[in-house]
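Spelled out, the chains give:
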Amino acid sequence: MTHTLCPWLWRPKLNASAQALTVVHYQFVIILGVVFSQNKKAMHIYFCGSIRGGRQDVGIYQKIVRKLQTYGEVLTEHVSHSDLSERGEDGVQVEKFIHDRDVEWLQMCDVVIAEVTQPSLGVGYELGRARDMHKKILCLFRPSSGKSLSAMIRGADDGSLFQVRDYKEDEVEGLLDEYFKGHSKV
């Protein structure tokens, strides 16, 4: 026999009143935990970087994600994992899963940070969706790469909600500090 609210709480050796007290105690702890987690809500950050478009910037992604983690929860930190190949995540029906999961994360995030030096259809799609959701967006581009940034990205810069910043690799942490200054919760 299990308890309907918390199946792992059922203890057949306890008498009925002790069981009820245990359940009430754990319900209180769970409710208290929810209240505290709602009061200490961390900023949710969605990081975009190329996966299937090329993984040559993964070292920079790692540096960016480590810095972003000082500002909140990075929902997509897996993008910075060096063991993630250009094939991305593998599995049955994985494309649908990735799309739906990532769109859900975009909906729940407070800000989108995208490293856009390596061209990526996925990153462009994420940025378009985020813009339609009226999310704050910061795109980071390294001109020293010799690549040209898409006019659709650079041209979207409105100086406020959608920003594009050129940077050198050794400047990225300072640039992020500047961006997040005054943004305890975007």
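Just so we're clear, the structure is a prediction, and the values are computed from it rather than from any experiment.

### With respect to the packing of helix α2 (residues 58–68) against helix α6 (residues 172–180)
Think of two packed helices as two axes; the pair is described by the angle between the axes and how far apart they sit.
Logical step 1: Close contact between α2 and α6 brings their axes to 10 Å; oriented N to C, the two are set at 35°. The chirality of how α2 crosses α6 is right-handed. Listed contacts from α6 to K63, I64, K67 and L68 of α2 are V172, E173, L176, D177 and F180.
Logical step 2: When grouped by side-chain class, the residues that make up the contact of α2 with α6 number five nonpolar, no polar and four charged.

### Comments concerning the nonpolar core
Logical step 1: If you look at the biggest cluster of nonpolar residues, it comprises 22 residues, and the most contacted ones within it are F47, I64, L68, I113, L140, L176 and F180.
Logical step 2: Mapped by element, the contributors of at least two residues to this core are β1 (43–48), α2, β3 (111–115), β4 (136–141) and α6.

### A short note on the confidence of the model for the protein
Logical step 1: Scored by pLDDT, the protein comes out at a mean of 81, with 74% of its residues at no less than 70.
Logical step 2: Within the model, pLDDT remains below 50 along residues 1–15, and this stretch shows 18 contacts once partners closer than five positions in the same chain are excluded.
Logical step 3: Within the model, pLDDT remains below 50 along residues 18–39, and this stretch shows 14 contacts once partners closer than five positions in the same chain are excluded.

### Here's the deal with the packing of aromatic side chains
Logical step 1: Enumeration over the complete set of coordinates arrives at three aromatic pairs.
Logical step 2: Between the aromatic rings of F47 and Y61, the centroid separation amounts to 5.6 Å while the plane-to-plane angle is 70°, which identifies the pairing as edge-to-face. Of the two residues, F47 is situated in strand β1 and Y61 in helix α2; the sequence distance between them amounts to 14 residues.
Logical step 3: With centroids separated by 5.3 Å and ring planes inclined at 90°, the aromatic side chains of Y179 and F180 adopt a geometry described as edge-to-face.

### With respect to the sheet that holds strand β5 (residues 162–166)
Logical step 1: Ordered by their spatial adjacency, five strands build an open sheet running β2-β1-β3-β4-β5, and the pairing between neighbours is parallel. Each having just a single partner strand, β2 (72–74) and β5 make up the two edges of the open sheet. Taken pair by pair, the neighbouring strands of this sheet meet at an average axis angle of 25°, ignoring direction.

### Regarding the UniProt feature "binding site: substrate" (unreviewed entry) in the protein
Logical step 1: UniProt records the feature "binding site: substrate" (unreviewed entry) for Y46, F47, C48, G49, S50, I51, R52, Y61, E126, S150, A151 and M152 in the present numbering.
Logical step 2: Examined against the element boundaries, I51 turns out to sit in the loop between β1 and α2.
Logical step 3: On the accessibility criterion, I51 (17% relative accessible area) is buried.
Logical step 4: Discounting residues that sit within four places of it in the chain, I51 has contacts with V79, L84, S85, E86 and G88.
Logical step 5: Look at Y61 and you get buried, because its relative accessible area is 0%.
Logical step 6: When residues no more than four places from it in sequence are discounted, the contact partners of Y61 are F47, G49, S50, R55, V79, S80, E115 and Q118.

### Remarks on the pairing of β4
Logical step 1: Counted residue by residue, β4 has five buried out of six residues, so it is predominantly covered.
Logical step 2: Bridge count between β3 and β4: five bridges; the pairing is parallel. Considered in β4, the bridge of V111 is made with K136.
Logical step 3: For the segment spanning β3, helix α4 (residues 121–132) and β4, crossover handedness is right-handed.
Logical step 4: As paired elements, β4 and β5 share five bridges and run parallel to each other. Paired with F141 across the strands is D166, a residue of β5.

### Let's talk about the pairing of β1
Logical step 1: Across the six residues of β1, six count as buried, placing the element largely inside the fold.
Logical step 2: Neither face of β1 is left uncovered, since the one carrying M43, I45 and F47 and the one carrying H44, Y46 and C48 both have all their residues buried.
Logical step 3: Alignment of β1 against β2, held across three bridges, turns out to be parallel. Of the residues in β2, the one forming a bridge with I45 is V74.
Logical step 4: Crossover β1 to β2 through α2 is right-handed.
Logical step 5: For β1 and β3, the ladder comprises four bridges, and the chain directions are parallel.

What counts and how
Residues numbered from 1 in each chain as written. Predicted model: local features only at pLDDT ≥ 70, side-chain atom pairs only at ≥ 80, totals over all residues. Heavy atoms only, no water. Axes fitted to C-alpha atoms, helices over the stretch in contact; angles between N-to-C directions. Helix = DSSP H or I, 4+ residues; strand = E, 2+ residues; numbered from the N terminus. Left-handed = near helix turned anticlockwise from the far one by under 90°. Contact = heavy atoms within 4.5 Å. Nonpolar A, V, L, I, M, F, W, Y, C, P; charged D, E, K, R; others polar. Core = buried A, V, L, I, M, F, W, Y, C linked by side-chain atoms within 4.5 Å. Buried < 20%, exposed > 50% of the residue type's maximum accessible area, 1.4 Å probe, protein only. pLDDT = per-residue confidence, 0-100. Phe/Tyr/Trp six-rings, centres within 6.5 Å; stacked < 30°, edge-to-face > 60°. Pairing = 2+ DSSP bridges. UniProt positions renumbered as here; feature names shortened; annotations may be inferred. Right-handed = clockwise from strand over helix to strand, strands pointing away.

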